[in-house]
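Structural overview for review
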Amino acid sequence: MTVSIVVVSHSEKIADGAVELAAQMAPDVVILPAGGTDDGRIGTSLEKVLAALEQASDKQRNAQEAGAEQPGVQPGGNGTVILTDLGSAVMTAEAALEFLEDAAGVLLADAPLVEGLVAAAVAAQGGADVQAVRAAAEAAGGPARRPEPARAGGAGQGPVSSAAPDSTGDFELVNQAGMHARPAAKVAGGLASLDAEVTINGVDGASMTGLMTLGAGKGTVLHVEAWGTDAERAVEYVGGLVQAGFGEP
């Protein structure tokens, strides 16, 4: 069972649409909307958020019970990450946490709703734990949301180190659509869960938006540089996705 995600929005349509989008990239992840008020107006509902959290918990509990005798089942997939749109949605989510009997495995992410949700969903699909899923969501907001050591280089260029990278790689895009939203989400979501700082053609590899701004089409060579404990894994991860065409034609 993967980590679950709950989307809290002032709009029921926004919550439902964001969940639909993320589900296309993470079909095995439980992603639940909690949008709008109980009577369908714009606003947030504590009852809806609590119901979604309870549903997520029930699904995880049922999956654990069903797989209890299966040696391949990993318990580390427990937990739920909450994403919100505006400030009062954060307050509603925080209030819901106070009502839970056990909120230890429920984390609130400080992340942009759509981009953060997609990155979190991709990370959860890949088996990341609840802390890593939240980190993936928060990394989607760009370098400003991530504590970075002091680095040389201009602002807005992602994490750039004055030291030589620990690992590098060059990979040519082979899929027809190139680096569009789905591939960018897969790359950013996976990298955000690793202990590495990564740049791809000079932008932050953990930023879905940054990757999409590259405008990299089929045939573009992606130059990947990585620093940190998981640097080699990060480069291999990106290379594997690119060489497989992100599972696309």
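Each remark here, short or long, concerns the structure printed above.
Rules used in this analysis
Numbers given for residues are sequential positions, taken from 1 along each chain in its written order. Local features in this predicted model are restricted to residues whose pLDDT is 70 or higher, and side-chain atom pairs enter the listing and the counts only when it is 80 or higher, whereas totals over whole chains, interfaces and linings include all residues. The side-chain values count all of the structure's non-hydrogen atoms but skip hydrogen atoms and water molecules. We define a salt bridge as a contact between a side-chain nitrogen of Lys or Arg and a carboxyl oxygen of Asp or Glu at a distance within 4 Å. To qualify as a helix, a DSSP run of H or I must reach at least 4 residues; to qualify as a strand, a run of E must reach at least 2; elements of each kind are numbered from the N terminus. We define the nonpolar core as a collection of buried residues of types Ala, Val, Leu, Ile, Met, Phe, Trp, Tyr and Cys that are connected through side-chain atoms lying within 4.5 Å of one another. Here the term buried applies to any residue with accessible area under 20% of the maximum for its type, exposed to any over 50%, and partly exposed to those in between, with areas from a 1.4 Å probe on protein chains only. Note on contacts: a residue pair is in contact if any heavy atoms of the two residues lie within 4.5 Å. Paired strands, as defined in this entry, are two strands with at least two bridges between them according to DSSP. To obtain an axis, a line is fitted to C-alpha atoms, over the contacting stretch when the element is a helix, and the angle between two such axes runs from 0 to 180 degrees between their N-to-C directions. Working rule for helices: expected span equals 1.5 Å times residues minus one. The reported arc concerns the directions from the helix axis to the C-beta atoms and nothing else. Angular relationships are summarised with four words: roughly parallel below 35 degrees, roughly antiparallel beyond 145, roughly perpendicular across 65 to 115, and oblique for the angles in between. Note on convention: the crossing is left-handed when the near helix lies turned anticlockwise from the far helix by less than a right angle, right-handed when the turn is clockwise. Gly is placed with the polar residues, together with every amino acid not listed as nonpolar (Ala, Val, Leu, Ile, Met, Phe, Trp, Tyr, Cys and Pro) or charged (Asp, Glu, Lys and Arg).

**Comments concerning the pattern of salt bridges**
A full pass over the atoms with the stated rule returns four salt bridges. The salt bridge involving Glu-248 is made with Arg-182; its shortest N-O contact spans 3.9 Å. Here Arg-182 lies in helix H6 (residues 181-192) and Glu-248 lies in the segment after helix H8 (231-243), a separation of 66 residues in the sequence.

**Let's talk about the nonpolar core**
Within the largest apolar cluster, 30 residues are counted, with the highest numbers of intra-cluster contacts made by Ile-5, Val-7, Ile-31, Val-81, Leu-83, Leu-117 and Val-133. Contact partners of Val-133, with chain neighbours within four places excluded, come to Val-3, Val-81, Ala-120, Ala-123, Ala-124 and Ala-128. In this structure, Leu-173, Ala-185, Ala-188 and Phe-246 belong to the second largest nonpolar core, which totals 29 residues.

**A look at unusual backbone geometry**
Backbone geometry at Asn-201 places phi at a positive 50°, although glycine is not the residue there. Locating Asn-201 in the fold gives a position in the loop between strand S6 (197-200) and strand S7 (203-204). In this model, Phe-246 sits at a positive phi of 60°, which is unusual for a non-glycine residue. Relative to the helices and strands, Phe-246 resides in the segment after H8. Look at Phe-246 and you get buried, because its relative accessible area is 3%.

**Some remarks on the sheet that holds strand S3 (residues 80-84)**
Strands pair in a sheet through their backbones, by hydrogen bonds, and they do so in one of two ways: parallel or antiparallel. Read across the sheet, four strands follow the order S2-S1-S3-S4 without closing on themselves; strand pairing throughout is parallel. Looking at strand neighbours, the two that pair on one side only are strand S2 (31-35) and strand S4 (106-108), the edges of this open sheet. Geometrically, the sheet is characterised by an average inter-axis angle of 20° between neighbouring strands, direction not taken into account. Summarising the sheet, strand S1 (residues 4-9) and S2 pair through five bridges and their orientation is parallel. Paired with Val-8 across the strands is Ala-34, a residue of S2. Packing of helix H1 (residues 12-25) onto the sheet brings it into contact with S1 and S2, and relative to S2 it is tilted by some 165°.

**Thoughts on H1**
Between its first and last C-alpha atoms H1 spans 21 Å; for 14 residues at 1.5 Å apiece the expected length is 20 Å, and the two agree. Inspection of H1 places Ala-15, Ala-18, Val-19, Ala-22 and Met-25 among the buried residues, and these make up the whole buried set. Along the axis of H1, the buried positions cluster into a sector of 115°, meaning they face one direction only. Away from its buried face by more than 90 degrees, H1 exposes Lys-13, Glu-20 and Gln-24. For H1, the secondary structure elements touched by its buried residues are S1, S2, helix H4 (113-125) and H6.

**Section: the packing of helix H2 (residues 46-66) against helix H3 (residues 87-99)**
Each pair of packed helices gets described by two things: the angle between the helix axes and the distance between those axes. Across the interface, H2 lies against H3 with an axial gap of 9 Å and an inter-helix angle of 55°. The orientation of H2 with respect to H3, classified from their angle, is oblique. Helix-helix and strand crossings are classified by hand; for H2 and H3 the assignment is right-handed. Only Thr-92, Ala-95, Ala-96 and Phe-99 of H3 make contact with H2, whose side of the interface consists of Leu-46, Val-49, Leu-50 and Leu-53. Tallied by class, the residues present in the contact of H2 with H3 amount to seven nonpolar, one polar and no charged.

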